[in-house]
Amino acid sequence: MAVGFLQRERIVAPPGWSRWLIPPAALSIHLAIGQAYAWSVFKPPLEAGLEISGVLSALPFTLGIIMLGLSAAVFGTKVDANGPRWAMLTASACFVTGFLISAVGLYLGQYWLVIVGYGFVGGIGLGIGYISPVSTLIKWFPDRPGLSTGIAIMGFGGGALIASPLTQQLLSTFGATGDNPSVPGIGNTFLVMGLIYAVFMSVGWLLIRVPPEGWAPAGWNASAEKERPLVSSAHVSASNSIKTPQFWLLWVVLCFNVTAGIGILERAAPIYRDFFPDATTPQALAAAAAGFVAILSLANAIGRILWSSTSDFLGRKNMYRIYLGVGALLYLLLALAQNGNKVVFLIACMVILSFYGAGFATVPAYLRDLFGTYQVGAIHGRLLTAWSTAGVLGPLIVNAIADAQIAAGVQGPGRYTMSFYIMIGLLVVGFVCNELIRPVDPKFHEPDRSGAAQAGAAA
């Protein structure tokens, strides 16, 4: 139970409070925890400094994504019950502590502390922080759920846009780049970044507010919204949602869409090095690879707001048809073209990552359409176990195949061709599952909640 100024009752917005202050509060959390997408910048110095494999260097990131899904599922109902300020503060404490534990581990030369700190403790912060503003945003923006969640979740995708150059600069400053990087220097980077994020994330939990009971935006017509296909006027509890086929179909859709993107994103810097090893110096190649990570982060972030906002007009199901179908074709293009044209490679990767990020931003609105706003945060948390699964599958597929190809003496893009074809197959399966989604059977509805919602809309 939250106490004092953390209680939901203490953060009810006063009359005249602007709902447009809520997205910046959410962004301060999501931009910070979005650092996870810049993990690939840490991989080369960790592998060189500690003499570990690509699979082992991916473990903190992989465990972090696993804990993201698990903690979101476990604490989802507590987030709804205790309110977003409690959730944001808890997320900040866990995420920052993860960096500090990792720094201590590198000072002591104990890599397992990096795995536990960044992956386990920090991963809990990722999960709670990720879902903390979602239900609040949907309540503030019932007229534009895709736009509102897209704005916030854009921050998670765009976090690497800040973290990638920051990480590269700090690593360089502390002598943790090149063929013989300083392991304590990597630790210094973790320490400084943890302190920066502690300050940055405080803005979110101090600024967040929830709307008063019965609040609605001026001029919003709830009945017109509910006339759209797959948009339910009823509500489904978190416990009942997992009994529906819609939940599990959407689980597969999210899992495979994430798997197809996260494997490449986690290994983005090494992939660029293998595709275009033509820089004049190792330092220039490292900088170019970090720039590639930043470009992917930008595409990830823009896709979250662009495509998620578009879903308010085209519908969620149509948008996932685009994410999965066009995404499969772009992977086929990468597999066939390889490094023949750098512009084609960059554009294809950017669009793929924009679809990857958009899938995250669109899914809360998809859940709201299918299950209503009652306990949507908890339902979202349970669905993010798909992300945990994908966090294992994606990096494992790409890194294991790449390591095997390296051992076999394969050079360049050939290290990733098989991975690309696997991703195509997963996206096709996800496309089929999306086509099978239908409205939720009324037997799963919450009649009392439905009646209350209708009465509120009439009032």
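Procedures and definitions
Each chain has its residues counted from 1, following the order in which its sequence is written. In keeping with the model being predicted, local features are shown solely for residues with a pLDDT of at least 70 and side-chain atom pairs are shown and tallied solely at 80 or more, while totals for entire chains, interfaces and linings include all residues. Working from all heavy atoms in the structure, the side-chain values ignore hydrogens and water. For helices the rule is a DSSP run of H or I covering at least 4 residues; for strands it is a run of E covering at least 2, with both sets numbered from the N terminus onward. Here the radius of gyration uses the C-alpha set of atoms, whereas the globule reference equals 2.2 Å times the residue count to the power 0.38. Buried residues are those whose accessible area, probed at 1.4 Å on protein chains only, stays under 20% of the maximum for their type, while exposed residues exceed 50% and partly exposed ones sit between those limits. Every accessible area reported is derived by Shrake-Rupley at a probe size of 1.4 Å, with residue values counting cover from the shown protein chains alone. In this count, Lys and Arg are taken as positive residues and Asp and Glu as negative ones, while His and the chain termini are left out. Lys charges are placed at NZ, Arg charges at CZ, Asp charges at CG and Glu charges at CD. Patch definition: residues above 30% relative accessible area lacking any salt bridge, with like charges linked at up to 9 Å and the nonpolar side chains Val, Leu, Ile, Met, Phe, Trp and Tyr linked at up to 5 Å. In the sections that follow, a salt bridge refers to a side-chain nitrogen of Lys or Arg positioned within 4 Å of a carboxyl oxygen of Asp or Glu. Aromatic rings from Phe, Tyr and Trp, taking only the six-membered ring of Trp, are treated as a pair when their centres fall within 6.5 Å; an angle between ring planes under 30 degrees marks them as stacked, one over 60 as edge-to-face, and anything in between as tilted. Given the number of residues in a helix, its expected span is that number minus one, multiplied by 1.5 Å. Fitting one axis to the seven residues ending at a residue and another to the seven starting there, the bend at that residue is the angle between the two axes. Each polar contact in these results corresponds to two N or O atoms within 3.5 Å; when the atoms are within protein, one needs to be able to donate a hydrogen and the other to accept it, and residues that are neighboring in sequence are counted only if both atoms are side-chain atoms. Here, two residues are considered to be in contact whenever any of their heavy atoms come within 4.5 Å of each other. In predicted models, pLDDT denotes the confidence assigned by the predictor to each residue on a 0 to 100 scale. For helices, the fitted line uses only the C-alpha atoms of the stretch in contact; every axis is such a line through C-alpha atoms, and the angle between N-to-C directions lies from 0 to 180 degrees. Angle categories: roughly parallel below 35 degrees, roughly antiparallel above 145, roughly perpendicular from 65 to 115, and oblique for all the rest. For this classification, Asp, Glu, Lys and Arg are treated as charged, while Ala, Val, Leu, Ile, Met, Phe, Trp, Tyr, Cys and Pro are nonpolar and the rest, including Gly, are polar.

Undergrad: Would you mind going over the overall build of the protein chain with me for this structure?
TA: In terms of regular secondary structure, the protein chain is built from 20 helices and zero strands. Taking 2.2 N^0.38 as the reference for a compact globule, 459 residues should give roughly 23 Å; the C-alpha atoms of the protein chain span a radius of gyration of 22 Å, in line with that estimate. Overall, the C-alpha framework of the protein chain stretches about 70 × 50 × 35 Å when taken along its three principal axes. The buried share of the protein chain, taken over its 459 residues, is 58%. Surface exposure of the protein chain reaches about 16,700 Å², of which carbon and sulfur atoms provide 68%. Across the protein chain, the centroid of the 25 positively charged side chains sits 5 Å from that of the 19 negatively charged ones.

Undergrad: How do you make sense of a nonpolar patch on the surface when you look at a structure like this?
TA: Judged by side-chain polarity, Leu100, Val104, Tyr107, Leu108, Leu191 and Leu195 come together as a nonpolar surface patch covering roughly 510 Å² of accessible area. Those elements giving two or more residues to the nonpolar patch turn out to be helix H5 (84-108) and helix H9 (183-207). Among the elements that line the nonpolar patch, the one with the most residues is H5, at four residues. You can see Val104 is positioned in helix H5.

Undergrad: Explain the packing of aromatic side chains to me, please; I cannot follow it from the model alone.
TA: Ring pairs (aromatic) are described by centroid distance and by the angle formed between their planes. If you walk through the whole model with that rule in mind, you get 30 aromatic pairs. Between Phe95 and Phe99, the ring centres sit 5.2 Å apart and the planes meet at 75°, which makes this aromatic pair edge-to-face. Of this pair, Phe95 and Phe99 both sit in helix H5, four residues apart, which is roughly one turn of the helix. When its relative accessible area of 3% is taken as the criterion, Phe95 is described as buried.

Undergrad: Even after reading the chapter, I still don't get the pattern of salt bridges, so can you show me in this structure?
TA: Here the idea is simple: oppositely charged side chains can pair when their charged atoms come close. Scanning all chains against the criterion turns up eight salt bridges. Here Lys43 ties to Glu47 by a salt bridge, and the two come within 3.7 Å at their closest N and O atoms. Of this pair, Lys43 and Glu47 both sit in helix H2 (residues 43-50), four residues apart, which is roughly one turn of the helix. Lys43 gets classed as buried once you look at its relative accessible area, which sits at 0%. With relative accessibility at 24%, the residue Glu47 sits in the partly exposed group. Members of the salt-bridge network, linked through shared partners, are Arg144, Asp312, Arg316, Arg368 and Asp369.

Undergrad: What is the right way to read helix H6 (residues 111-131) from this model?
TA: Along an α-helix, a turn takes 3.6 residues, which lines up residues three or four apart on a common side. Counted at 1.5 Å a residue, the expected span for H6 with its 21 residues is 30 Å, and the 29 Å between its end C-alpha atoms agrees. At Gly122, H6 shows its largest bend, some 35°. Summarising burial for H6: 18 of the 21 residues are buried, a large majority.

Undergrad: Just to check I follow, could you spell out the side chain of Gln246 for this structure?
TA: As for its position among the elements, Gln246 is in helix H12 (residues 245-266). For Gln246, the side chain forms a polar contact with the main-chain oxygen of Pro439, separated by 2.9 Å. If we ignore the near neighbours within four places in the chain, the residues touching Gln246 are Leu370, Phe371, Ile437, Arg438, Pro439, Val440 and Asp441.

Undergrad: Help me out: how do you make sense of helix H4 (residues 59-82) in this one?
TA: In a regular helix each residue adds 1.5 Å, so 24 residues correspond to 34 Å; H4 covers 32 Å between its end C-alpha atoms and thus fits that length. Remark: the principal bend of H4, roughly 55°, maps to Phe75. At the exit of H4 stands Gly83, carrying a positive phi of roughly 100°.

Undergrad: Hey, could you run me through the confidence of the model for the protein chain in this one?
TA: For residues with low pLDDT, the predicted coordinates do not support detailed interpretation. Averaged over all residues, the pLDDT of the protein chain equals 85, while 93% of them reach at least 70. In this model residues 449-459 is a low-confidence stretch, pLDDT under 50, and it forms seven contacts with partners more than four residues away in sequence or in other chains.

Undergrad: Is there a simple way to think about the packing of helix H14 (residues 282-314) against helix H15 (residues 316-337) in this case?
TA: For any two helices packed against each other, one specifies the inter-axial angle together with the distance between the axes. One way to put it is that H14 packs onto H15 with a least axis distance of 7 Å and a crossing angle of 135°. It follows that H14 is oblique to H15 by the angle criterion. Residues Trp307, Ser308, Thr310, Ser311, Asp312 and Leu314 of H14 form the contact with H15, whose participating residues are Arg316, Asn318, Met319 and Tyr323. When its residues are assigned to classes, the contact of H14 with H15 shows four nonpolar, four polar and two charged.

Undergrad: Would you mind going over the packing of H12 against helix H17 (residues 376-383) with me for this structure?
TA: Viewed as axis vectors pointing N to C, H12 and H17 meet at an angle of 55°, and their least axial separation amounts to 10 Å. Considered as vectors, H12 and H17 are oriented oblique to each other. The segment H12 lies against H17, with Phe247, Leu250, Trp251 and Leu254 engaging Ile379, Arg382 and Leu383.

Undergrad: How do you make sense of the environment of Phe371 when you look at a structure like this?
TA: Looking at the secondary structure, you find Phe371 in helix H16 (residues 342-371). Other than its neighbours up to four places away in sequence, Phe371 contacts Ala234, His235, Val236, Ser241, Thr244, Gln246, Phe247, Ile379 and Val440.

Undergrad: How do you make sense of unusual backbone geometry when you look at a structure like this?
TA: Where the residue is not glycine, phi is negative for most of them; where a peptide bond is considered, it is trans in most cases. Its identity is not glycine, yet Glu51 carries a phi of approximately 55°, on the positive side. Relative to the elements of secondary structure, Glu51 occurs in the loop between H2 and helix H3 (54-57). Its relative accessible area of 73% is what places Glu51 among the exposed residues. You will see that Gln338, though not glycine, has its phi angle at about 50°, which is positive. Mapping Gln338 onto the fold places it in the loop between H15 and H16.

Undergrad: Looking at this structure, I do not really get the environment of Gly381. What am I missing?
TA: Among the secondary structure elements, Gly381 is positioned in helix H17. Along the backbone, Gly381 and Leu334 are 47 residues apart, and their C-alpha atoms lie at a distance of 33 Å. Apart from the residues lying within four places of it in its own chain, the contact partners of Gly381 are Gly69, Ala72, Ala73 and Ile131.

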